[in-house]
Amino acid sequence: MKRLLLIDGSAYLFRAYHAMKAQGREFTAPDGFPTAALHVVLSMLKAHLKEQPDYLAFVVDASGPTFRDALDPQYKAHRPPMPDDLRAQVEPMMEIVQALGFPILRVPGVEADDVIGTLALRAAEAGMTVTISTGDKDFAQLVRPGVALVNTMTGSRMADDEAVMAKFGVRADQIVDLLALMGDSVDNIPGVEKCGPKTAAKWLGEYGNLDSVIVNADGFKGKLGENLRAALHRLPLNKQLTTIKTDVELDVGPADLALRERHVEDLRRLYARYGFNQALKELGGDPAGEAAAEAAADRAGLRSTAAGYARAATGSADEAPDPALSAKGDYDTVTTRAQLDAWVSKLDAADEFAFDTETDALDAMQANLVGLSFSTEPGNGCYIPVGHTYPGAPAQLPMAETLDALRPLLESAKHRKLGQHGKYDLHVLRRHGVDVAGYADDTMLESFIWNSSATRHDMDSLAKRYLGYDTIKFEDVAGKGAKQISFAEVAIDDAARYAAEDADITLRLHRVLSAKLATEPSLEKVYREIEVPLVPVLARMEANGILIDADELRRQSADLSRRMLAAQQKATELAGRTFNLDSPKQLQALLFDELKLPALVKTPTGQPSTNEEALEAIADQHELPRIILEYRGLAKLRSTYTDKLSEMVNPDTGRVHTSYHQAGAATGRLSSNDPNLQNIPIRTEDGRRIRKAFIAPPGRKLVACDYSQIELRIMAHLSEDAGLLRAFAAGADIHRATAAEVFGKPLDEVSGNERRAAKAINFGLMYGMSAFGLAKQLDIGRGEAQDYIALYFNRYPDVRDFMERTRKEAHERGYVETVFGRRLYLDNINARNQGLRAGAERAAINAPMQGTAADIIKRAMIAIDGWIADHADQAKMLLQVHDELVFECDADFVDTLIPEVKARMAAAAELRVPLVIDAGVGDNWDEAH
DNA sequence: CCTTCGGCGTAC
DNA sequence: GACGTACGCCGAAGGC
């Protein structure tokens, strides 16, 4: 008997993509092209080829509408657009399938399902044995003698009614009715509300088919009965939509679908292009050319991950992961002096070693050391417990003796050290008397520089993404939630496996990531010259902390509380009842349902918004909105700032120590948390008062130095626009100068409103703002806003060219870069969805400016840190707020500090415009502005 | 009980 | 739909 295999190609690619996403696995070709879904599909195809079917076809959806769209305009209407990194893999998949010799079927007007259904039935009628390879449950309706389903991703098989019954509780011929009742949220087919597979199967069991259910609908009891009756009119249409057609007119029959000879040269080219090294090897022949030119790290990474996938897809392990990078390590637990000495010698002899600390707290400024781990080669490692305290804990080396033995290594710049988020470990060791030098590499930063758009750069994610390795998680050894214990209470054996693995994996990740960076010199330079040297600088700033006047904050909290209470009472009075002023949901019900005020603004989810804009819009119709705005402003200040900041004062130092996140913002900016000191209010009087609580100790001053208009200057530099360059060279008030140019007036005749408009345009441009946005910002008509923009571009034509150039570059290359070569990949830049694409274009325009500014201030910080080290008693660098640096210094050192700092900030970049720095001095941060 | 998400608002 | 990058508060919903 002849065998026919029909592969549901589109559905597989889609499911493969999401399965890999869910696992958090990243597969890329050597050039970064996404290949995760391709790996899955290729593996599936190879598995099917081994089965040697007589006939086979790879069936995919054609583009354009199908008959189902005509039946129901809502069909698949809410389906999100195909993600870019999946869309990109479609054509490569088709090329590979073609080259492998598979017949490909693509029929317009129907879906792949219908083509498969038609061929399956015709073949079965002709006496063939048909296998449909799919991940889509709807195909169960086709199961019958001679037609079976397989899902290679789960390994499941459905060959007869018995199997269908086991899975769905109905026979194959009842599947369509089941689907009609349930509906399908993905395809936007509304079924009976609250009727899932169980209920639908129960009804069909009782009544046999959908028609009987419909006829007897009046007899169904309860809420479900109501829901059924409400859905009755839909059900026949649902049935049409979910029925797979079996009578499509095709110009091929099953017997035309023989495997053709594969095209080896095409395959070799495709496998090399997309980094399928194992497949390339199996192809035999000359492995030279592109494949051999790949970085060793990419080979190792891909081979191990591809093997992992092949197991998932076919259920058989036909290749072991690369042992060097994916195998479990073998680790020592060091508890004797002799073992310690042996490891000290081993570390001393290594070119570079990875280290990690274990502590009893997340806050680096409070955590106590519990143990240290090290690794010198992939697979080796040790854990040195020094602070485990649980009852019955075995004897451990004394902490002081251990640190003394390690100190020469850790404090020597000659011994290169490597970590994952090493800033934390630098803090812990410093607070235990070890001043680490020679911190040379950080895998978190390597990953961040390699691709700053990836959201996670923690070790567990990196191990999974780049090594295909599942690490032991913190919660595996210490538990989580209420049951979580301190690391000091973790059994030493468990702690050793976890901690030594951290050092080992850090080392393995470095092997992979440093090789990747070596292929991109500009990225490596940003990493080596900016990010790595910045680590100890940030650690010092965090350790310095800033002094807080806690009494002042408490007074402000009390004042805010009083005013909040007054607002609350007034609001209750106006509403005629109590409600939670903090709850947008209750507020929405009150304002728009009860008081019937107009809902003029909607949230992204379509609900009436209660945000500032919405409340302002109805403030002339009722007193309540104004009171709520008042309350909100006060509540924000108290909850986020005055209450929180006093809580965050470190009891040992009397200061707050923010933590800077170096791999936080995709543009390269730092972010700040615990507490965030980069969003302390400044614009309103009430808000600005909070800055009075950031103080210098007696005899000292706070000095704030900020770059004047740095992002606009970078725009002038990048665009080389003569008008803008001239304005900055003249040292003019740039917004006034812009207004003078745009409105064609002398500088001193520019009105306040004209300057305001020019400022809005200047900023708006850097954010990719449209005429619509500008009109809203300035509260003017859209036409007028368009006129302003036209005038602006007329005066500064090279700015427009620059924006267009940036957009084009982003589309062509998929990324944009800063003056120093830092990259930002834009995942949505070629998205079909216009909103996503437009958002990516705006990000593309903004990133070179925001990112270059970030590069510049980071370079300045490194330079200033080098200078200030020699004046540590007189001055300290405390804070960075994107374009501003805050220092604390002796009152009589201010006049020395300011010119030294200014000089280094100005020299941090050579642009076509001067970098201008403003400085202020005061007893508190407010005064220093 | 804990986590996640939506809505909102602060900074540059 | 309409202005880029963050962090973090609160309430509400949902999972365990």
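Residues numbered from 1 in each chain as written. Chains lettered and ligands numbered in written order. Predicted model: local features only at pLDDT ≥ 70, side-chain atom pairs only at ≥ 80, totals over all residues. Heavy atoms only, no water.

Description of the overall build of chain A
Item 1. Within chain A, the regular secondary structure consists of 38 helices and 25 strands.
Item 2. In chain A, which comprises 929 residues, the share counted as buried stands at 52%.
Item 3. Counting only carbon and sulfur atoms, one obtains 50% of the accessible surface of chain A, whose full area is about 41000 Å². (Helix = DSSP H or I, 4+ residues; strand = E, 2+ residues; numbered from the N terminus. Buried < 20%, exposed > 50% of the residue type's maximum accessible area, 1.4 Å probe, protein only. Areas by Shrake-Rupley, 256 points an atom, 1.4 Å probe, with all protein chains shown as cover.)

Brief notes about the packing of helix H30 (residues 710-719) against helix H37 (residues 834-868)
Item 1. Orientation of H30 relative to H37, taken along the N-to-C sense of each, is 115°, at an axis distance of 9 Å. The angle between H30 and H37 falls in the class roughly perpendicular. By crossing handedness, the relation of H30 to H37 is classed as right-handed. Contacts between H30 and H37 involve Ile710, Glu711, Ile714, Met715 and Leu718 on the former and, on the latter, Asn846, Pro848, Met849, Gln850, Thr852, Ala853 and Ile856. (Axes fitted to C-alpha atoms, helices over the stretch in contact; angles between N-to-C directions. Parallel < 35°, antiparallel > 145°, perpendicular 65-115°, else oblique. Left-handed = near helix turned anticlockwise from the far one by under 90°. Contact = heavy atoms within 4.5 Å.)

Concerning the protein's contact with DNA strand C
Item 1. Around DNA strand C, the structure places 32 residues, and the nearest of them are Lys585, Tyr767, Ser770, Gln777 and Arg842.
Item 2. Backbone atoms, meaning sugar and phosphate, form 70% of the atoms of DNA strand C found within 4 Å of the protein.
Item 3. In the environment of DNA strand C, a phosphate oxygen lies 3.3 Å from a nitrogen or oxygen atom belonging to the side chain of Asn580.
Item 4. Between DNA strand C and the protein, one listed contact pairs a phosphate oxygen with a side-chain N or O atom of Gln586 at 3.4 Å. (Near = heavy atom within 4 Å. Polar contact = N/O pair within 3.5 Å; in protein donor to acceptor, adjacent residues only side chain to side chain.)

Some thoughts on the packing of aromatic side chains
Item 1. Inspection of the entire model under this criterion finds 15 aromatic pairs.
Item 2. An aromatic cluster is built from Trp203, Tyr207 and Phe220, whose rings are joined through pairwise contacts.
Item 3. Over the ring of Phe67 we find Lys245, and its NZ or CZ is 5.0 Å from the ring centre.
Item 4. Positioned above the aromatic ring of Phe33 is the side chain of Arg273, whose terminal nitrogen or guanidinium carbon lies 5.0 Å from the ring centre. (Phe/Tyr/Trp six-rings, centres within 6.5 Å; stacked < 30°, edge-to-face > 60°. Lys NZ or Arg CZ within 6 Å of the ring centre and 35° of its normal.)

With respect to the protein's contact with DNA strand B
Item 1. Within the structure, DNA strand B sits among 21 residues, and Thr605, Thr610, Arg669, Asn679 and Ile682 are positioned closest to it.
Item 2. A share of 78% is what sugar and phosphate atoms reach among the atoms of DNA strand B within 4 Å of the protein.
Item 3. Within the backbone of Thr610, a nitrogen or oxygen atom sits 2.5 Å from a phosphate oxygen of DNA strand B.
Item 4. Between DNA strand B and Asn611 there is a distance of 3.2 Å, counted from a phosphate oxygen to a backbone nitrogen or oxygen.
Item 5. Ranked by the residues each element gives to the surface near DNA strand B, the list is headed by helix H28 (residues 624-647), at three residues.

Comments concerning the state of the cysteines
Item 1. The tally for this structure, following the rule as stated, stands at zero disulfides.
Item 2. Of the cysteine sulfurs around Cys889, a residue in no disulfide, the closest is that of Cys705, at 9.4 Å. (Disulfide = S-S within 2.5 Å.)

Brief notes about helix H35 (residues 782-795)
Item 1. Its 14 residues place the ends of H35 20 Å apart at the C-alpha level, agreeing with the 20 Å of an ideal helix rising 1.5 Å per residue.
Item 2. By the burial criterion, the buried members of H35 are Ala785, Tyr788, Ile789, Tyr792 and Phe793. Angular distribution of buried residues about the axis of H35 spans 130°; they occupy a single face of the element.
Item 3. Of the surrounding elements, those touching the buried residues of H35 are H30, helix H31 (722-729), helix H32 (734-743), helix H33 (752-766), helix H34 (771-778) and helix H36 (797-813). (Expected span 1.5 Å × (residues − 1). Arc of directions from axis to C-beta.)

Some details on the packing of helix H20 (residues 443-450) against helix H21 (residues 459-467)
Relative orientation and spacing of two packed helices are given, respectively, by the angle between their axes and the distance between those axes.
Item 1. Close contact between H20 and H21 brings their axes to 11 Å; oriented N to C, the two are set at 60°. In terms of orientation, H20 and H21 fall into the oblique class. Considering only the axes of H20 and H21, their crossing is left-handed. Residue-level inspection shows Thr443, Met444, Ser447 and Trp450 of H20 in contact with H21, the latter providing Leu462, Arg465 and Tyr466.
Item 2. Tallied by class, residues from the contact of H20 with H21 come to four nonpolar, two polar and one charged. (Nonpolar A, V, L, I, M, F, W, Y, C, P; charged D, E, K, R; others polar.)

Looking at the sheet that holds strand E20 (residues 700-707)
Item 1. A sheet is described by the order of its strands in space; here four strands give the open sequence E23-E24-E20-E25, paired in antiparallel fashion. The strands lining the two open edges of the sheet, one partner per strand, are strand E23 (875-880) and strand E25 (917-922). Each adjacent strand pair in this sheet contributes to an overall mean axis angle of 25°, direction not counted.
Item 2. Both E20 and strand E24 (residues 884-890) contribute to a ladder of seven bridges, which runs antiparallel. By the bridge assignment, Ala704 is partnered in E24 with Val886.
Item 3. Across the sheet, helix H38 (residues 894-906) is in contact with E20, E23, E24 and E25; its angle to E20 comes to roughly 20°. (Pairing = 2+ DSSP bridges.)

Side note on the pairing of strand E5 (residues 147-151)
Item 1. Among the five residues of E5, five are classified as buried, and the element is accordingly described as predominantly covered.
Item 2. Burial of the side chains of E5 extends over both faces: Val147, Leu149 and Asn151 are buried on one face and Ala148 and Val150 on the other.
Item 3. One ladder, built from four bridges, connects strand E4 (residues 129-133) with E5; its direction is parallel. Looking at E5, one finds that Thr131 is bridged to Ala148.

What to know about the sheet that holds strand E10 (residues 352-359)
Item 1. The strand order across the open sheet built from six strands is E9-E12-E11-E10-E13-E14, with neighbouring strands paired in mixed fashion. Two strands bound the open sheet, and with one partner strand each, they are strand E9 (332-333) and strand E14 (439-442).
Item 2. One ladder, built from three bridges, connects E10 with strand E13 (residues 416-419); its direction is parallel. Within E13, the residue paired with Ala354 across the bridge is Leu418.

A closer look at the nonpolar core
Item 1. Counting 108 residues, the largest nonpolar core has Tyr707, Met715, Tyr792, Met861, Phe887 and Leu897 as the members making the most contacts within it.
Item 2. Those residues in contact with Leu897 that lie beyond four places of it in its chain are Val703, Trp867, Ile868, Ala875, Phe887 and Cys889. (Core = buried A, V, L, I, M, F, W, Y, C linked by side-chain atoms within 4.5 Å.)

Points about the pattern of salt bridges
Item 1. Inspection of every chain in the model, using the stated rule, returns 55 salt bridges.
Item 2. Note that Arg669 is salt-bridged to Glu711, the shortest N-O span being 3.6 Å. Taken as a pair, Arg669 in the loop between strand E17 (659-661) and strand E18 (671-673) and Glu711 in helix H30 lie far apart in primary sequence, 42 residues in all.
Item 3. Overall, Arg669 belongs to the partly exposed group, its relative accessible area being 24%.
Item 4. Given the relative accessible area of 14%, Glu711 is considered buried.
Item 5. The shortest N-O distance in the salt bridge between Arg700 and Asp890 comes to 2.8 Å. Residue Arg700 is found in strand E20, and its partner Asp890 is found in strand E24; the two are separated by 190 residues along the sequence.
Item 6. By relative accessible area, Arg700 is classed as buried at 12%.
Item 7. Here the salt bridges share partners, and the residues they tie into one network are Asp559, Arg562, Arg563, Asp686 and Arg689. (Salt bridge = Lys/Arg side-chain N within 4 Å of Asp/Glu carboxyl O.)

Quick word on unusual backbone geometry
Item 1. Residue Pro675 follows Asp674 across a cis peptide bond; omega there is -5°.
Item 2. Tracing the sequence through the fold places Pro675 in the loop between E18 and helix H29 (685-688).
Item 3. Phi angles above zero are rare outside glycine, and Asp674 is one such case at about 50°.
Item 4. Among the secondary structure elements, Asp674 is positioned in the loop between E18 and H29.

Examining the confidence of the model for chain A
Item 1. Chain-level pLDDT for chain A is 87 on average; 94% of the residues reach the 70-or-more range.
Item 2. Note on residues 286-323: pLDDT is under 50 here. Beyond four places in sequence and across chains, it has 72 contacts. (pLDDT = per-residue confidence, 0-100.)

What about helix H26 (residues 584-594)?
Item 1. Every buried residue belonging to H26 is among Leu587, Gln588, Leu590, Leu591 and Phe592, and all of these are buried.
Item 2. Elements that come into contact with the buried residues of H26 comprise helix H25 (550-575), helix H27 (612-618) and H28.
Item 3. One or two residues past the end of H26 sits Lys596, with phi positive at roughly 60°.

Focus: the environment of Ala589
Item 1. Residue placement: Ala589 occurs in helix H26.
Item 2. The class of Ala589 is partly exposed, set by a relative accessible area of 28%.
Item 3. Residues Ala589 and Pro608, 19 residues apart in the sequence, show an inter-C-alpha distance of 9.3 Å.

Quick look at the side chain of Glu358
Item 1. Checked against the element boundaries, Glu358 lands in strand E10.
Item 2. Buried and unpaired, Glu358 has Arg497 as its nearest opposite-charge partner, separated by 13 Å.
Item 3. Apart from the residues lying within four places of it in its own chain, the contact partners of Glu358 are Asn368, Leu369, Val370, Gly371, Tyr383, Phe487, Tyr498, Ala499 and Asp502. (Lys, Arg positive; Asp, Glu negative; His and termini not counted.)

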